[in-house]
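One-letter residues, chain by chain:
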Amino acid sequence: MDPVLTRTGGAYIPPAKLRMMQAQITDKSSLAFQRLSWEALKKSIHGLINKVNVSNIPLIITSLFKENIVRGRGLLTRSIIQAQAASPTFTHVYAALAALINSKFPNIGELLLSRLILQFRRGFRRNDKQICMSSTRFIAHLVNQQVAHELLALEILTLLLENATDDSVEVAVGFLKECGQKLGEVSPRGLTAVFDRLRHVLHEADLDKRVKYMIEVMFQVRKDGFKDNPAIVEDLDLVEEEDQFTHLMSIQEEELDPQDMLNVFKHDPDYEANEEKYQAVKTEIIGDDSGESDGSGEENDESDGDSASEEEAKEQGDIVDETETNLIALRRVIYLTIQSSLDHNECAHKMMKMQMKPGQETELCHMILDCCTQQRTYEKFFGLLAQRFCQINKAYIPPFEQIFHDTYDTIHRLDTNKLRNVAKMFAHLLFTDAISWQVMANIRLTEEDTTSSSRIFLKILFQEMAEYMGLSKLNLRLKDPTLQPYFEGVFPRDDPRNTRFAINFFTSIGLGGLTDELREHLRTHPKPPPITVPAPVSSLSAAAAQLLLEDSDSDSSSSSSSSSSSSSSSSSSSSSTSSSSSSDGKTKKKTSRSSRRSNDRTSKSVSRSTDKPREDSKLSSKHADDGSREDRPKRIERSRREEHSRKEEYSRREDHSRREDHSRKEEHSRQEGRRRTESNEGKRTERRTRTPEDKGRDPKYPDDQGKSKSSRHRQDYEDEFKSRHSRR
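Residues numbered from 1 in each chain as written. Predicted model: local features only at pLDDT ≥ 70, side-chain atom pairs only at ≥ 80, totals over all residues. Heavy atoms only, no water.

A short note on the overall build of the protein
Scanning the protein from terminus to terminus reveals 28 helices and zero strands. Across the 728 residues that make up the protein, the buried fraction comes to 36%. Relative to all contacts within the protein whose residues are 6 or more apart in sequence, the contacts with residues 24 or more apart total 74%. Of the roughly 44600 Å² of accessible surface on the protein, 50% is carried by carbon and sulfur atoms. (Helix = DSSP H or I, 4+ residues; strand = E, 2+ residues; numbered from the N terminus. Buried < 20%, exposed > 50% of the residue type's maximum accessible area, 1.4 Å probe, protein only. Contact = heavy atoms within 4.5 Å. Areas by Shrake-Rupley, 256 points an atom, 1.4 Å probe, with all protein chains shown as cover.)

Re the packing of helix α10 (residues 188-204) against helix α11 (residues 209-223)
For any two helices packed against each other, one specifies the inter-axial angle together with the distance between the axes. It is at 10 Å that the axes of α10 and α11 come closest, and there the two elements cross at 150°. Here α10 is positioned roughly antiparallel relative to α11, judged by the angle of their axes. In the crossing of α10 with α11, the sense of the turn from one axis to the other is left-handed. Listed contacts from α11 to T192, F195, L198, R199, V201 and L202 of α10 are K212, I215, E216, M218, F219 and R222. Here the residues of the contact of α10 with α11 are counted per class, giving seven nonpolar, one polar and four charged. (Axes fitted to C-alpha atoms, helices over the stretch in contact; angles between N-to-C directions. Parallel < 35°, antiparallel > 145°, perpendicular 65-115°, else oblique. Left-handed = near helix turned anticlockwise from the far one by under 90°. Nonpolar A, V, L, I, M, F, W, Y, C, P; charged D, E, K, R; others polar.)

Some points on the nonpolar core
By size, the foremost hydrophobic cluster in this structure holds 74 residues, and its most contacted members are I49, L64, L76, I101, L142, L176 and I215. If one sorts the elements of this core by residue count, helix α5 (residues 91-104) sits on top with nine residues. Leaving out residues up to four positions away in the same chain, I101 has contacts with I61, L64, F65, I69, L76, I80 and I108. Grouped together as the second largest cluster of nonpolar side chains are 67 residues, M367, C371, A427 and M465 included. (Core = buried A, V, L, I, M, F, W, Y, C linked by side-chain atoms within 4.5 Å.)

Regarding the packing of aromatic side chains
Under the definition given, this model contains 16 aromatic pairs. Between F404 and F426, the aromatic rings sit 5.1 Å apart at their centres with planes inclined by 85°, giving edge-to-face as the arrangement. With F404 in helix α18 (residues 397-409) and F426 in helix α19 (residues 416-431), the pair connects residues that are 22 residues apart, well separated along the chain. Here F426 falls in the buried class, since its relative accessible area comes to 1%. Ring geometry for F462 versus F506: centroids 5.3 Å apart, planes at 90°, classification edge-to-face. Of the two residues, F462 sits in helix α20 (residues 452-469) while F506 sits in helix α22 (residues 496-508), which places them 44 residues apart along the sequence. F506 matches F462 in its accessibility class, with the two residues each being buried. (Phe/Tyr/Trp six-rings, centres within 6.5 Å; stacked < 30°, edge-to-face > 60°.)

Looking at the side chain of R115
Here R115 shows up in helix α6 (residues 106-125). In this structure, R115 is buried with no salt-bridge partner, the nearest side chain bearing the opposite charge being D260 at 4.4 Å. Residues in contact with R115, not counting those within four places in the same chain, are G74, T77, R78, I81, P258, Q259, D260, L262 and N263. (Lys, Arg positive; Asp, Glu negative; His and termini not counted. Salt bridge = Lys/Arg side-chain N within 4 Å of Asp/Glu carboxyl O.)

Some words on helix α4 (residues 73-86)
Compared with an ideal rise of 1.5 Å per residue, which puts 14 residues at 20 Å, α4 spans 20 Å between its outermost C-alpha atoms and is within 8% of the ideal. Among the residues of α4, those classed as buried are G74, L75, L76, T77, S79, I80, I81, A83 and Q84. In this structure, the buried residues of α4 make contact with α2 (31-51), α3 (57-66), α5, α6 and α7 (129-144). (Expected span 1.5 Å × (residues − 1).)

Description of the packing of helix α16 (residues 361-373) against helix α17 (residues 380-392)
Where α16 meets α17, the closest approach of the two axes is 10 Å, and the angle between their N-to-C directions is 165°. Between α16 and α17, the interaxial angle falls into the category roughly antiparallel. In the crossing of α16 with α17, the sense of the turn from one axis to the other is left-handed. Together, L364, I368, C371 and C372 of α16 and F382, L385, A386 and F389 of α17 make up the contact between the two elements. Here the residues of the contact of α16 with α17 sort into eight nonpolar, no polar and no charged.

As structure tokens, this is what we get:
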């Protein structure tokens, strides 16, 4: 069997003989040629990885880029992991090498990180401390090089300290010692939570003394600022922050694929095309290398033609991601950055380093507002963060203004808590002049154009601005002549009804001082002309109307005098009733009967008297049109007298009914008093006539069970006396 075609490549073939064998094969797409190139690639990668150190890492990375590491990415990641496991002290060197490769080929960095996470999970399930130590140490240095996100480190520490054992605590301490300084820079809250958990484990968990001593040493290392364990050595800080690509991966992801098939040779039908593409990428990364070229310009021409064709393909059409994967990843990074930041300045600094693409500013503004609405109470952190972005770059001002318009139009969809947070955040942006006051042009404060939610929003918005600016400064800002066109909807002057509504709204929320100009406008505004209603056919003339006005005045004076007389009569009647109450019941009954009879007589006489004016009024209305102007004052006088007599009769009836009610109540109370006295007398006589046998009975029980407590006590005493006497 040909040793080249075996799975492991057969026996060792010297490099010179291997190159000679490749030169003898003319067909580069054949299986034998690809197998020989695969073996050469594997040996080259393995040898370069074993030779890397701090001093020669630039040379090693250049040599690696000359090899087709895209085809051999599985071999490269396996060699790096094996070399790191064999030499843990050189972990920071291998992490720097991985960071350089990740800056140019992010898919290789992602594959390396996926294999390390899977290796740690496998070692954690098997309780293999050695595998966990090596994999976590490599992951810690990848976090320091910003190849992996700091959230992965916090997840690993949480998993190790959740159910603390001697081995898990030892692995966590070693991991924290390697990446603690970096976590303190990017996530101080997370680092504080981890050390709080370590302190709890130190005091509560049942651990070995050696492990407890390691925890105490860890606290001392943190106190010293990790000076003996720096995040990145100065000689290995080779990648700029803007060139690095950070992978946000979780330890609990189920879709991690180690891609083990990349470690094994596989025939490639497009071998030559892929090699030419990599040659173009290599030329772009490290430039032309004449030493490695074969002297013929055909391959260069082909590679140039291939790169030109790729550029044309890119110009023809861009690939659009309809799944919004990048957008979701961006929102996730923004959320984690906000939650892991200590203050707004730190958060803004981290986000400005993210180098967002044009058009993503709106997404950032939406994320800040969404995070603010999710809080139980408003936190000033979000208002300061939004203000900071608006002050750093004016490109963030239009998105926040557009969000204000959209939010106000859909404010009815928010609950009270979210509505309050949104209003307070925009109030902060307005009184700090982070956004323009022109956004008020979208608001129209009328009863028809507002809802309960929008009125609550405006209430909180203006109250918050008045609290921070003061009422005087806010009033001056609202009276600014350059901003008056934008406040026409907030302070409407088009309709007095809308003006009154705005005045009442601001007065009800305690900001009536803002409506002085509205009140002046409403006072000086010309009133609309009254609506003229056509007069009826039987309308009075001007002289008759004047007479009516004079009669009404005299009528009011006479009614007042009649009311005073009726009040005096009522007082006299009340005094008479009080005097009559002292008399006997029999005389009271007689007086009540006589009063009823007199009442019936008076009612009959009143009904007769009232019937006559009605008939007279009918006749007067019948002949009203035929009468002359001189008869009208007489009719008016007659109707006035009738009205006066009606009122007096009504007041007499009221007084009479009031007296009857009073007498009825007194009679009822007197009868109740007699009834109580009779019942008390009966009870007294019953007590006097009771016999001793009746006194000992209990009325709740029949006679055979009706012994009282006193009789039972007496019987018990007699029985005990007899028993004592018999003993003597």
